[in-house]
Amino acid sequence: MPKAVRFQQYGGIEVLRVVEVDRPVPGPGQVLVRVVVAAINPGEVHIRTGALHDRWPATFPSGEGSDLAGIVEETGAGVEGFAIGDEVIGFTDNRASHAEFVVVEAADLIPRPADVPWEQAGTLYVAGTTAYAAVRAVAAGPGDTVVISGAAGGVGSIAVQLARHTGATVIGLASEANHEWLAAHGAIPVTYGEGVADRIRAAADGGKIDAFIDTFGADYVEMALDLGVVPERIDTITDHRATEKYGVKTDGNSAAGNAQVIAELAALIGAGRLEIPIAATYPLEEVRDAFRELERGHTRGKIVLRP
């Protein structure tokens, strides 16, 4: 029997189990995918602990996982454009990709280009489309200076590159261990922590900041406002209260999470214009270790599972 990650109650890493499950069966318009790579994401931590119960409640036993890249095993009635053996990239909204097999809507899949590595292909839905939406939300463009917090994280490392592609100057907030990577990808690295606002002003040409993308939370929205950024050019993916309080944007995965955007991101990878840093790869059976590393909060890029 195939295996999948499950948890029976809210809690810490210890509630995660890898268990045997029935092989999924695709319905009309659906595709059964054998998962090769599936990314893990911070949002999955908050769902598992119950922190997001009011917004996204779990039904037990619950699976998890959205991102995936894999191989078509079976197609349901009416599916066109995919055949058994095709390599694909896509997503599921059913918390199910941390598994050996997953049923996916055919409309949520794209062919995997041969020049897109498996590990990067399996990360494009949550982090990739969130970064895409955030950069679009702040209307980054030539002549702008954009600050990105958590600039070496899963979303931030992609947003840095996408913002640079618009012609904007990017200031990336990260630990010193990530400064070399940021500089190599065209960003101006700045260390976070006490005095960061002054360091940002010093790094900006003339001290002017035009836009701010917050992937971390804490008090970065307030700091962006203090730096003179107007609310409509601030986007946060973590501080949702900021919209009601300050009128800033919270565009993320839900604003760009579709197959078309995934295809755009995959094309950028294939053209050598986008890199998804892979911090670590774990087998499915070591899902607890994967989340343990994620929850330390200091990874560069993405952590992925290989069922």
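Up top is the structure these notes are about.
Residues numbered from 1 in each chain as written. Predicted model: local features only at pLDDT ≥ 70, side-chain atom pairs only at ≥ 80, totals over all residues. Heavy atoms only, no water.

Enquirer: With reference to specific residues and values, describe the nonpolar core.
Expert: Generally speaking, nonpolar side chains in soluble globular proteins are found buried as a group. Ranked by internal contacts, the top residues of the largest apolar core, which has 51 residues, are Ile89, Leu124, Ile148 and Leu162. Counting residues per element, this core draws most heavily on helix H3 (residues 124-137), which supplies nine residues. Grouped together as the second largest cluster of nonpolar side chains are 19 residues, Val147, Ile171, Val190 and Ala204 included. (Core = buried A, V, L, I, M, F, W, Y, C linked by side-chain atoms within 4.5 Å. Buried < 20%, exposed > 50% of the residue type's maximum accessible area, 1.4 Å probe, protein only. Helix = DSSP H or I, 4+ residues; strand = E, 2+ residues; numbered from the N terminus.)

Enquirer: Quick one: what's the story with H3, residue by residue and with numbers?
Expert: Between the first and last C-alpha of H3 there are 18 Å, a value that for 14 residues agrees with the 20 Å anticipated at 1.5 Å per step. Taken from the residues just after H3, Ala139 is the one with a positive phi, measuring 55°. (Expected span 1.5 Å × (residues − 1).)

Enquirer: Give me the lowdown on the environment of Phe291, citing residues and values where you can.
Expert: Residue placement: Phe291 occurs in helix H11 (residues 287-296). Judged by its relative accessible area of 0%, Phe291 is buried. For the pair Phe291 and Ile303, spaced 12 residues apart in sequence, the C-alpha to C-alpha distance is 8.5 Å. Discounting residues that sit within four places of it in the chain, Phe291 has contacts with Ile13, Leu16, Ile40, Asn41, Glu44, Val45, Arg48, Glu64 and His98. (Contact = heavy atoms within 4.5 Å.)

Enquirer: Describe in detail the sheet that holds strand S10 (residues 188-190), supporting the description with residues and values.
Expert: Strand order in the open sheet formed by five strands is S10-S9-S8-S11-S12, and the pairing between neighbours is parallel. Looking at which strands have only one partner, the edges of the open sheet turn out to be S10 and strand S12 (234-236). If you compare each strand with its neighbour and ignore which way they point, the axes differ by 15° on average. One ladder, built from three bridges, connects strand S9 (residues 169-173) with S10; its direction is parallel. Within S10, the position partnered with Leu173 by the bridge is Val190. (Pairing = 2+ DSSP bridges. Axes fitted to C-alpha atoms, helices over the stretch in contact; angles between N-to-C directions.)

Enquirer: Residues and numbers for the packing of aromatic side chains, please.
Expert: For the coordinates displayed, the defined rule picks out five aromatic pairs. On the basis of an interplanar angle of 80° and a centroid distance of 5.1 Å, the ring pair of Tyr10 and Phe60 is categorised as edge-to-face. Here the residue Tyr10 occupies a position in the loop between strand S1 (3-6) and strand S2 (17-20), and Phe60 occupies one in the loop between helix H1 (42-49) and strand S4 (67-75), the gap between them amounting to 50 residues. Residue class for Phe60 comes out partly exposed when judged on its relative accessible area of 33%. In textbook terms, an aromatic cluster arises when at least three aromatic residues are bridged by ring pairs, as seen for Phe7, Tyr10 and Phe60. In this structure, Arg23 is placed above the aromatic ring of Phe101, and the distance from its NZ or CZ to the ring centre is 4.8 Å. The ring of Phe291 carries Arg48 above its face, with NZ or CZ at 5.7 Å from the centroid. (Phe/Tyr/Trp six-rings, centres within 6.5 Å; stacked < 30°, edge-to-face > 60°. Lys NZ or Arg CZ within 6 Å of the ring centre and 35° of its normal.)

Enquirer: Tell me what's going on with the layout of surface pockets, and back it up with residues and numbers.
Expert: In this structure, the second largest pocket spans a volume of roughly 260 Å³. The wall of the second largest pocket is formed by 20 residues, among which Arg6, Pro24, Asn94, Ala96 and Val102 lie closest to the centre. Mapped onto the lining of the second largest pocket, the elements with two or more residues apiece are S1 and strand S6 (101-105). For the lining of the second largest pocket, the leading source of residues is S6, giving five residues. Classifying every residue of the lining of the second largest pocket gives 10 nonpolar, five polar and five charged. (1 Å grid on protein atoms, 1.4 Å probe; cavity = no way out; pocket = protein on both sides within 12 Å on 5 of 7 lines; lining within 4 Å. Points joined across faces, edges and corners; volume = space filled by probe spheres on them. Nonpolar A, V, L, I, M, F, W, Y, C, P; charged D, E, K, R; others polar.)

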